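Descriptive structure summary
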Amino acid sequence: MTQDKLRKIITASVAAATLLLVFLLCFLVYQWITIAVLNKREKALDEEIARLEQQNTTDQADLEYYQSVFGKEWLAHQNGFVRPEGK
């Protein structure tokens, strides 16, 4: 092998290795960005789940209140119904 051929082979190898490294680095950066976006979505969904669980608890308490006698009387009074004088 002559010096010229060896130099060309080494140059081609270095260029190929550099190109491979650039592609791998781009792929890695893309994966990091994708992971960050998915983590952000997961955090938003967890916050939404917590909010909905809190709302469900509040709604359950409201349901129990409005199913009670006092709650039903309050709703009736709020909607214009009055209790007869004798009761």
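In what follows, the accompanying structure is described.

Reading guide: rules and limits
- Residues numbered from 1 in each chain as written.
- Predicted model: local features only at pLDDT ≥ 70, side-chain atom pairs only at ≥ 80, totals over all residues.
- Heavy atoms only, no water.
- Helix = DSSP H or I, 4+ residues; strand = E, 2+ residues; numbered from the N terminus.
- Rg over C-alpha atoms; globule rule 2.2 N^0.38 Å.
- Buried < 20%, exposed > 50% of the residue type's maximum accessible area, 1.4 Å probe, protein only.
- Areas by Shrake-Rupley, 256 points an atom, 1.4 Å probe, with all protein chains shown as cover.
- Lys, Arg positive; Asp, Glu negative; His and termini not counted.
- Charge placed at Lys NZ, Arg CZ, Asp CG, Glu CD.
- Salt bridge = Lys/Arg side-chain N within 4 Å of Asp/Glu carboxyl O.

**Focus on the overall build of the chain**
- Along the backbone of the chain there are two helices and zero strands.
- Against the globule reference of 12 Å for 87 residues, the chain gives a C-alpha radius of gyration of 35 Å, more extended than a compact globule.
- With the principal axes as the frame, the chain shows a C-alpha extent of 120 × 20 × 10 Å.
- Across the 87 residues that make up the chain, the buried fraction comes to 1%.
- Total accessible area computed for the chain in this model is approximately 8300 Å², and 66% of it derives from carbon and sulfur atoms.
- Both charge centroids of the chain, one from 10 positive and one from 11 negative side chains, sit 16 Å from each other.

**Section: the pattern of salt bridges**
- Enumeration over the complete set of coordinates arrives at three salt bridges.
- Across the pair Lys8 and Asp4 runs a salt bridge whose closest N-O atoms are separated by 4.0 Å. Separated by four residues within a single helix, Lys8 and Asp4 lie in helix 1 (residues 3-67), roughly one turn from each other.
- The residue Arg51 makes a salt bridge to Glu48 at a minimum N-O spacing of 2.7 Å. Of this pair, Arg51 and Glu48 both sit in helix 1, three residues apart, which is roughly one turn of that helix.
- Here Arg51 falls in the partly exposed class, since its relative accessible area comes to 44%.

**Considerations on the environment of Glu85**
- Positionally, Glu85 belongs in the segment after helix 2 (69-78).
- Each C-alpha atom, one on Glu85 and one on Asn39, is 63 Å from the other, the two residues being 46 residues apart in sequence.

By themselves, these observations are geometric and do not establish any function.
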